[in-house]
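Residue-level structural notes
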Amino acid sequence: MRLRKRSQFLSLYSDADRIHTPFFVLFLRANSLPHSRLGVTVSKKIGKPVIRNRIKRRLREIFRQDQMNIQPPCDVVVNVKRQASQAGFQQLRESFDQALRRWRQKRE
């Protein structure tokens, strides 16, 4: 349920909807699968490996908890911004949920 290959990321970057938040940029595109998939990119500019991995773990957990609520199923790539290293779990969750709501409204 994750995006791992470079080609998957590049195809999303080229033709997906973009939603900007204070902590990350979401690239979303509906897929034909029965479930959503997630990919996360965190640049070395964000911080040391401990910080980058913490952010990735938090985003994967947020996605896991919200996965059944994401309709229609879609591919999601999250590009993390520097401000995310200072954000708590709840702030990231609210920002992610808000971005998904904006995407749904944009599609209607």
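Calculation criteria
Residues numbered from 1 in each chain as written. Predicted model: local features only at pLDDT ≥ 70, side-chain atom pairs only at ≥ 80, totals over all residues. Heavy atoms only, no water. Helix = DSSP H or I, 4+ residues; strand = E, 2+ residues; numbered from the N terminus. Rg over C-alpha atoms; globule rule 2.2 N^0.38 Å. Buried < 20%, exposed > 50% of the residue type's maximum accessible area, 1.4 Å probe, protein only. Contact = heavy atoms within 4.5 Å. Expected span 1.5 Å × (residues − 1). Core = buried A, V, L, I, M, F, W, Y, C linked by side-chain atoms within 4.5 Å. Salt bridge = Lys/Arg side-chain N within 4 Å of Asp/Glu carboxyl O. Polar contact = N/O pair within 3.5 Å; in protein donor to acceptor, adjacent residues only side chain to side chain. Pairing = 2+ DSSP bridges.

1. Quick notes on the overall build of the chain
Within the chain, the secondary structure is distributed over 3 helices and 4 strands. Starting at the N terminus and ending at the C terminus, the chain contains elements arranged as α-β-β-β-α-β-α. Relative to the globule expectation of 13 Å for 108 residues, the C-alpha radius of gyration of the chain, 13 Å, shows essentially globular dimensions. For the chain, the spread of C-alpha atoms along the principal axes amounts to about 35 × 30 × 20 Å. Scored against the burial criterion, the 108 residues of the chain give a buried share of 42%. Within the chain, residue pairs in contact and separated by at least 24 positions form 79% of the contacts whose partners lie at least 6 positions apart.

2. Describing helix H2 (residues 49-66)
Relative to the 26 Å expected for 18 residues at 1.5 Å per residue, H2 spans 26 Å between its end C-alpha atoms, a close match to the ideal helical length. On the buried face of H2, the contacting elements are strand E2 (24-30), strand E3 (37-41), strand E4 (74-80) and helix H3 (89-107).

3. Considering the nonpolar core
Membership of the largest hydrophobic core comes to 25 residues, with the highest contact counts inside it found for Leu-26, Val-76, Val-78, Val-80 and Phe-96. For this core, the secondary structure elements donating two or more residues are E2, E3, H2, E4 and H3. By residue number, the principal contributor to this core is H3, which donates 5 residues. Excluding residues that lie within four positions of it along the chain, Leu-26 makes contacts with Asp-17, Arg-18, Ile-19, Val-76, Val-77, Val-78, Phe-96 and Ala-99. Residues Leu-3, Phe-9, Ala-16 and Val-25 belong to the second largest nonpolar core, which totals 7 residues.

4. Remarks on the pattern of salt bridges
Counted according to the given criterion, the structure contains 4 salt bridges. Asp-66 is the salt-bridge partner of Arg-93, the closest N and O atoms lying 3.4 Å from each other. Within this pair, whereas Arg-93 is found in helix H3, its partner Asp-66 is found in helix H2, the two being separated by 27 residues in sequence. Residue Arg-93 shares its accessibility class with Asp-66, and that shared class is buried.

5. What to know about unusual backbone geometry
A cis geometry characterises the amide bond from Gln-71 onward to Pro-72, with omega recorded as -5°. Considering the arrangement of structural elements, one finds Pro-72 in the loop between H2 and E4.

6. A closer look at the environment of Gln-67
In this structure, Gln-67 sits in the loop between H2 and E4. Those residues within four positions of Gln-67 in sequence are excluded, and the remaining contacts are Met-1, His-35 and Ser-36. Engagement of the side chain of Gln-67 in a polar contact is seen with the backbone oxygen of Ser-36, the distance being 3.2 Å.

7. So, the pairing of E2
When you tally the buried positions in E2, you get 5 out of 7 residues, the bulk of the element. Here strand E1 (residues 17-20) runs beside E2; their pairing, made up of 4 bridges, is antiparallel. Across the sheet, the residue bridging to His-20 is Val-25, located in E2. The antiparallel hairpin formed by E1 and E2 contains 3 residues in its connecting segment. Sheet topology note: the E2/E4 ladder contains 7 bridges and is antiparallel.

Function cannot be read off these values alone, since they describe shape.
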